[in-house]
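Residue-level structural notes
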Amino acid sequence: MARIRTIKPEFPQSESMGRVSRDARLLFVMLWPICDDHGRTRAGSRMLARTLFPYDDGEEGLVRTTGSDVSAWLDELEGENCIRRYEVDGSQYLEICNWLKHQKIDKPSKPQFPDPSGTTRDTSATPREDSSLEGKGKEGKGRETSEKSPSGESRKRKTSVPANFGISDRVRKWASERGFTRLEERLEHFVGQARAKGYAYVDWDEALMNAVRDDWAKLGNAPQASPASLPELRA
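**So, the overall build of the protein**
A count of helical and extended segments in the protein gives eight helices and five strands. Considering the protein as a whole, with its 235 residues, one finds that 42% of them fall into the buried category. Long-range contacts, defined here as pairs at least 24 residues apart, represent 65% of the contacts in the protein between residues at least 6 apart. On the protein, roughly 13,300 Å² of surface is accessible, and the fraction owed to carbon and sulfur atoms is 50%.

Put into structure tokens, the structure is as follows:
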């Protein structure tokens, strides 16, 4: 269900908006009403084209908006850290970075879409810049910790990169099914940035898969001179 959202007066002066096209700016604002109260929504480009641009179908002289158009605009927004796309159980989603800086949510409803870790837990209590990259864990480094939820169930928490983190069978199988290659190079780049910037995740395999997919979207299978040539992780 779409929601009423607000636009801050300083939004047009945002430098990041000045670096993307007008269509990408429009798409960014139009995403907000279809996001849940945690800044997440589905990211299928064809679905977004039909949902957000229903009259741009090429009839009556109007320019048609296609899934390819939306995909290109999403690329622009992701390049400016406005959104982050991710995959959960084969479905594509996105979340608005700095969501709680864009919107004030007084009484957030239950999450309608999974976060990058694949869960639908409520993260509204703590403002975030990017729910998939937030937190710089200091305690329990390399270990997965947990806490008790009100129901008494154990709930996983984010941890820093494990000392022995590598490419698991789960990641290899996932990459093989999608044709992603050179995992060792992508792993080196991913771990290096995670350690340098203190990133923390609940599911490190899932985080690596997201990073590989993002690298592939930008570089594909082109030769790489060094891990430094890979796109930088977004915080």
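**Digging into the pattern of salt bridges**
This structure, assessed with the given rule, holds 16 salt bridges. Overlapping salt bridges, with partners in common, bring together Glu87, Lys173, Glu177 and Arg178 in one network.

**As for the sheet that holds strand 3 (residues 91-96)**
Pairing in this open sheet of three strands is antiparallel, and the strands run 1-3-2 from one edge to the other. Of all strands in the sheet, those with a lone pairing partner are strand 1 (40-42) and strand 2 (83-88), marking the two edges. When strand polarity is set aside, the average angle formed by the axes of neighbouring strands in this sheet is 30°.

**Some remarks on the nonpolar core**
Leu27, Phe28, Leu31, Ile83 and Ile96 are the most contacted members of the largest nonpolar core, which totals 25 residues. It is helix 2 (residues 22-31) that contributes the most residues to this core, five residues altogether. Once residues lying within four places of it in the same chain are set aside, the contact partners of Phe28 are Phe11, Met17, Leu77, Cys82, Ile83, Ile96 and His102. In this structure, Ala175, Ala194, Trp204 and Met209 belong to the second largest nonpolar core, which totals 20 residues.

Criteria and thresholds
- Residues numbered from 1 in each chain as written.
- Predicted model: local features only at pLDDT ≥ 70, side-chain atom pairs only at ≥ 80, totals over all residues.
- Heavy atoms only, no water.
- Helix = DSSP H or I, 4+ residues; strand = E, 2+ residues; numbered from the N terminus.
- Buried < 20%, exposed > 50% of the residue type's maximum accessible area, 1.4 Å probe, protein only.
- Contact = heavy atoms within 4.5 Å.
- Areas by Shrake-Rupley, 256 points an atom, 1.4 Å probe, with all protein chains shown as cover.
- Salt bridge = Lys/Arg side-chain N within 4 Å of Asp/Glu carboxyl O.
- Pairing = 2+ DSSP bridges.
- Axes fitted to C-alpha atoms, helices over the stretch in contact; angles between N-to-C directions.
- Core = buried A, V, L, I, M, F, W, Y, C linked by side-chain atoms within 4.5 Å.

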